[in-house]
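# Remarks on the overall topology
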Amino acid sequence: QVQLVESGGGSVRAGGSLRLSCAASRRTSSSYAMGWFRQAPEKEREFVAGVSWSGGTTYYAGSVKGRFTIFKDDAKNSVYLQMNSLKPEDTAVYYCADFRRGGLASVNVNSWGQGTQVTVSS
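To start, this report covers the structure provided alongside it. Keep in mind that what you see is a predicted model, and the values were worked out from it rather than measured.

Moving on to the pairing of strand 9 (residues 92–99). With 7 of 8 residues buried, strand 9 is to be regarded as a mostly interior element. Relative to strand 9, strand 4 (residues 33–39) runs antiparallel, the two being bridged by 7 bridges. Bridge assignment links Trp36 to a residue of strand 9, and that residue is Cys96. Here strand 9 pairs with strand 10 (residues 109–112) via 3 bridges, running antiparallel. If you follow Phe99 over to strand 10, its bridge partner there is Val109.

With that settled, consider the packing of aromatic side chains. Per the stated rule, a full pass over the model turns up 6 aromatic pairs. Residues Phe37 and Phe47 carry aromatic rings whose centres are separated by 5.8 Å and whose planes lie at 75° to one another, so their mutual orientation is edge-to-face. Remark: Phe47 occurs in strand 5 (residues 46–52) and Phe37 occurs in strand 4; sequence separation between them is 10 residues. A relative accessible area of 4% places Phe37 in the buried class. Judged by centre distance (5.1 Å) and plane angle (25°), the rings of Phe71 and Tyr80 are stacked. With relative accessibility at 31%, the residue Phe71 sits in the partly exposed group.

Basis of the calculations
- Residues numbered from 1 in each chain as written.
- Predicted model: local features only at pLDDT ≥ 70, side-chain atom pairs only at ≥ 80, totals over all residues.
- Heavy atoms only, no water.
- Buried < 20%, exposed > 50% of the residue type's maximum accessible area, 1.4 Å probe, protein only.
- Helix = DSSP H or I, 4+ residues; strand = E, 2+ residues; numbered from the N terminus.
- Pairing = 2+ DSSP bridges.
- Phe/Tyr/Trp six-rings, centres within 6.5 Å; stacked < 30°, edge-to-face > 60°.

See the structure below:
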């Protein structure tokens, strides 16, 4: 099983920035992409961003497009989420995810990170 270790969460004021990191213990033959979901209290877990290993194609939820940037470091089996212009509605627990093929949905997640809290105050 792939282990995902994420870091970088914290508390910031609205308009501030954070960078999340996620390091995978290894890549498997089924690993297609990595990215993040987030979950706020009493909300469903929602997709935030992802990047494919092979071509570096990026995917973003409409709510974060233009503010968040996802990028990868193949040598380190790591991905990063640069979050700028943060808003209070970005407050959630962010979970790193390793995806197999089939679409960047939770049903296609091989492994989950432990989660990291992001809190944005107004």
